[in-house]
Amino acid sequence: MTRDPRYDILFEPLRIGPVTAPNRFYQVPHCNGMGRAFPNSMIAMRGMKAEGGWGIVCTEQCDFHATADTTPFTETRLWDDADTPYLARMAEAVHAHGALAGIELVHNGQDTGNLYSREVPIGPDHRPVKWQGHPIQARAMDKADIRAYRRWHRDAAVRARHAGFDLLVVYAGHDGTLPSHFLARRHNHRVDEYGGSLENRLRLFRELIEETKDAVGATMGVIVRFAVDELMGPGGLERGNEGSDAIALLAELPDLWDVNVSDWSNDSMTSRFAPEGYQEEFIAFVKSMTTKPVAGVGRYTSPDAMVSAIRRGVLDLIGAARPSIADPFLPDKIRQGRPEDIRECIGCNICVAWNNLSAPMRCTQNPTAGEEWRKGWHPEALPAKDSDAHVLVVGGGPAGLEAARALGQRGYRVTLAEAGDELGGRVSRESRLPGLAAWARVRDHRLTQIGRMTNVETYLASRLDANQVIAFGADHVAIATGARWRADGVGRTIREPVPGCVGDAVLTPDAIMDGRRPAGPVVVYDDDHYYLASLIAELLRRTGHDVTLATTAPMVANWTQHNLEQGFIERRLVEQGVRILTRHQLAAVRDGAVELVHDLDRRLIRVPGRVVPVTMRLPEDALYHELVARGVANVRRIGDCFGPSVIAAAVYEGHRYAREFDTAVDPDRVPFRRDVFQLDRPTP
Ligand code: ADP
Ligand code: SF4
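Residues numbered from 1 in each chain as written. Chains lettered and ligands numbered in written order. Predicted model: local features only at pLDDT ≥ 70, side-chain atom pairs only at ≥ 80, totals over all residues. Heavy atoms only, no water.

1. Remarks on the environment of Pro-619
Part 1 of the reasoning: You can see Pro-619 is positioned in strand S27 (residues 617-619).
Part 2 of the reasoning: Separated by 138 residues in the primary sequence, Pro-619 and Thr-481 place their C-alpha atoms 8.0 Å from one another.
Part 3 of the reasoning: Setting aside its immediate chain neighbours within four residues, Pro-619 contacts Gly-482, Ala-483, Asp-640, Cys-641 and Pro-644. (Helix = DSSP H or I, 4+ residues; strand = E, 2+ residues; numbered from the N terminus. Contact = heavy atoms within 4.5 Å.)

Spelled out as structure tokens, the structure:
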């Protein structure tokens, strides 16, 4: 297939100072939970992006001094030459495919507690550190500190050049780096030449850029990554005032402007709260203020939207973190004239959450993300089939669909039977909740692929029982029948059924997603802490219900702090008039009211209405157990039917089933390669 000429502009090279990017696909720096702790995994993940056609592939933020210790986050590090080898390997892996390698130096200043290094944090002012609310303060830097900091940055830039990087990102964004702390009025109350006027607050950033150019600018392109709008009104940087004034003052200094909005939760908004291209309105002005090329992000997955952003003069380079995780081969698919094969990011931020938990990132759409080295999984290639086995997949949710797709790609004959009238399982149901339409991409990508395969057949309205499965006579059976939400209040906190939590007093999340609605007021009881309770509350408010959201946690949608959604969720519920009760457990449902007890003072309150318990799910595994009891061999459970979890886990388990099919797996062995530390030789 040949590329659509409409997309040619995406493949034009672009000069960035002394280096040239081969195309307009720029994998911006992004955290990944691997970094220095899992270097082999990190290197292979970055190399895969270059193989897939990203013209520039960057590290995540890379701390460069012991006063900027990002522990417990597992990001890259360049404190001295001891850190160079694995970063050099990353640059090599990127160069091997003709891409440019970029590195983003970071000093998180007053935000880090320096938990590992034990150095006293530094910043423009005395203040408590921000990350995780540690009882540690950053101290105000004096002039000697500022000189030292500039020297460390310059030395790190030289080290990065020696490690083989082509591009260096000077970083003042996300309200999380020293130059951005100096720049923000609310952080900087200095009375010297580094405080006061915008020019003064910008001085440190300007010095860093100039000194970086001086040190490495002859051979490296210098990118400036800068948040032009903090989305906090006049209390922060905004386009139209200091956000644009700062660009004007530094306009021609960088070789490339990489602009975004701040903080990270605003920059990486989920699809529930922001559509593709959502940053354009904030950053579009930048190109009019500089002759240098401009890059930006906005969860672009559509080549038409990318071309449009370039043609309209908003961007020169299409920056992407999440779209490059969901599909490392996005550029290649456009280049090869098959954009419909792009595995589009759904904007769920599971990748972000795993990173924030200091674990290797996971992706809902791309089950191979993070497995490139440790399992040797390639996002596009699968081994050819090892036999002529015919596989029956029961259930067409994300697990069943991915198993069928990947088995089909391997060449196996697959029959997929789905009980309902549509494929997609929970993904189809949940994508109809407010703001989650993009989640249907998990289903749609797989249906597009399966639709082309003559060896995969799908049947709707086909609820199979054990007799039918046995009569079908497949060589292997994958049971992907999913899970159902419990109705009785049992979950993480309460381990016995709640009195009265039965019958008409209860509506389960499944019933709500099936379209049932309570007649009067409702209490959504959350012991799950992810997104679903808040979405059901939002849905029922939209249909005019009086809604109380009671949660056992101290915060609404507590877990979503990890995927950066918590603040947005809470604000939306408050705006919609949902009554919020934190730290409350379900005690009983009786006489038309839901009884809740506060977990500290045990005070009981009664809220009239019915309850929607969002507590836990039980696997739909009766079919599996009956087949096993009747002696059917070669039957496996996958996805939520095996272990209810996030959608990413169901996709992964479906993929894994297909990868490991016809392979002997030793259950006693660690199922992947590990980065293992080498011990120093004992001191003689
Ligand atoms: P997962 O996340 O593990 O893929 P889902 O709950 O999303 O699980 O999907 C499970 C799918 O299995 C649902 O679409 C459901 O209709 C289907 N299903 C459940 N039982 C059967 C059955 N006995 N035969 C066919 N399909 C079934
Ligand atoms: Fe996109 Fe979700 Fe994958 Fe992250 S985990 S890249 S947000 S699909």
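2. With respect to helix H19 (residues 566-576)
Part 1 of the reasoning: All of the buried residues in H19 are Gln-566, Phe-568, Ile-569 and Leu-573.
Part 2 of the reasoning: Its buried side turned inward, H19 meets helix H7 (264-267), helix H18 (532-542), strand S21 (547-551) and strand S22 (579-581).
Part 3 of the reasoning: After H19 finishes, the residue Gly-577 shows a positive phi value of roughly 85°. (Buried < 20%, exposed > 50% of the residue type's maximum accessible area, 1.4 Å probe, protein only.)

3. Regarding the site of ligand 2
Part 1 of the reasoning: If you check the shell around ligand 2, you find 13 residues, and the closest are Cys-345, Cys-348, Asn-349, Cys-351 and Cys-363.
Part 2 of the reasoning: Elements supplying a minimum of two residues to the shell around ligand 2: helix H10 (322-326) and helix H12 (350-356).
Part 3 of the reasoning: If one sorts the elements of the shell around ligand 2 by residue count, H10 sits on top with 3 residues.
Part 4 of the reasoning: Grouping the constituent residues of the shell around ligand 2 by class yields 8 nonpolar, 3 polar and 2 charged. (Near = heavy atom within 4 Å. Nonpolar A, V, L, I, M, F, W, Y, C, P; charged D, E, K, R; others polar.)

4. Points about the sheet that holds strand S8 (residues 127-128)
Part 1 of the reasoning: Across the sheet, 3 strands lie side by side as S7-S9-S8; this open sheet has mixed pairing. In this open sheet, the two strands that pair with only one neighbour each are strand S7 (122-123) and S8. (Pairing = 2+ DSSP bridges.)

5. Details of the packing of H18 against H19
Part 1 of the reasoning: As a packed pair, H18 and H19 sit with axes 10 Å apart at the nearest point and diverge in direction by 25°. Considering the angle they form, H18 stands roughly parallel to H19. In the packing of H18 onto H19, the handedness of the crossing is left-handed. Where H18 approaches H19, its residues Ser-534, Ala-537, Glu-538, Arg-541 and Arg-542 are matched on the opposing element by Ile-569, Arg-572, Leu-573 and Gln-576.
Part 2 of the reasoning: Tallied by class, the residues present in the contact of H18 with H19 amount to 3 nonpolar, 2 polar and 4 charged. (Axes fitted to C-alpha atoms, helices over the stretch in contact; angles between N-to-C directions. Parallel < 35°, antiparallel > 145°, perpendicular 65-115°, else oblique. Left-handed = near helix turned anticlockwise from the far one by under 90°.)

6. Details of the site of ligand 1
Part 1 of the reasoning: Near ligand 1 there are 22 residues, and of these Ala-399, Glu-418, Ala-419, Arg-426 and Asp-640 occur at the shortest range.
Part 2 of the reasoning: A distance of 2.8 Å is found between an oxygen atom of ligand 1 and a backbone nitrogen or oxygen belonging to Ala-399.
Part 3 of the reasoning: One nitrogen or oxygen atom from the side chain of Arg-463 is found 3.5 Å from a nitrogen atom belonging to ligand 1.
Part 4 of the reasoning: Protein contacts shield 89% of the accessible area of ligand 1, which totals 580 Å² for the unbound molecule.
Part 5 of the reasoning: Class assignment for the residues of the shell around ligand 1 results in 10 nonpolar, 8 polar and 4 charged. (Polar contact = N/O pair within 3.5 Å; in protein donor to acceptor, adjacent residues only side chain to side chain. Areas by Shrake-Rupley, 256 points an atom, 1.4 Å probe, with all protein chains shown as cover.)

7. Regarding the environment of Ser-428
Part 1 of the reasoning: Take Ser-428: it is sitting in helix H14 (residues 426-430).
Part 2 of the reasoning: Residue classification places Ser-428 among the buried residues on the basis of a relative accessible area of 0%.
Part 3 of the reasoning: It is 9.9 Å that separates the C-alpha atoms of Ser-428 and Met-513, two residues lying 85 residues apart in sequence.
Part 4 of the reasoning: Filtering out sequence-adjacent residues up to four positions away, Ser-428 remains in contact with Glu-422, Leu-423 and Arg-443.

8. Observations concerning the sheet that holds S21
Part 1 of the reasoning: With parallel pairing, the 4 strands of this open sheet are ordered in space as S22-S21-S20-S26. Edge strands, defined here as strands with exactly one partner in the open sheet, are S22 and strand S26 (610-614). Each adjacent strand pair in this sheet contributes to an overall mean axis angle of 20°, direction not counted.
Part 2 of the reasoning: In this sheet, S26 lies alongside strand S20 (residues 522-526) in parallel orientation, the contact comprising 5 bridges. Looking at the pairing, Tyr-525 lines up with Pro-613 of S26.
Part 3 of the reasoning: The strands that H18 touches are S20, S21 and S26; relative to S21, the one it contacts most, it runs at about 170°.

9. Describing helix H20 (residues 622-629)
Part 1 of the reasoning: Residues Leu-623, Tyr-624 and Leu-627 constitute the buried set of H20. One side of H20 holds all its buried residues, which, seen down the axis, span an arc of 100°. The exposed residues of H20 that point more than 90 degrees off its buried face are Ala-622 and Ala-629.
Part 2 of the reasoning: Packed against the buried residues of H20 are strand S15 (390-394), helix H16 (466-472), strand S18 (476-479) and strand S28 (635-637).
Part 3 of the reasoning: In the segment just after H20, Gly-631 is the residue with positive phi, at about 80°. (Arc of directions from axis to C-beta.)

10. Some thoughts on the confidence of the model for the protein
Part 1 of the reasoning: For the protein, mean pLDDT is 97; residues scoring 70 or higher make up 100% of the total.
Part 2 of the reasoning: Element-level pLDDT for the protein is lowest in H7, with a mean of 91, against a maximum mean of 99 in helix H13 (residues 398-410). (pLDDT = per-residue confidence, 0-100.)

11. Focus on the pairing of S15
Part 1 of the reasoning: Taking burial as the measure, the 5 residues of S15 include 5 buried ones, the bulk of the element.
Part 2 of the reasoning: Judged by which residues are buried, S15 turns out to be covered on both faces: His-390, Leu-392 and Val-394 on one side and Val-391 and Val-393 on the other are all buried.
Part 3 of the reasoning: Across 5 bridges, the pairing between S15 and strand S16 (residues 413-417) is parallel. Its bridge partner lying in S16, His-390 is registered against Arg-413.
Part 4 of the reasoning: Handedness of the crossover joining S15 and S16 through H13 is recorded here as right-handed. (Right-handed = clockwise from strand over helix to strand, strands pointing away.)

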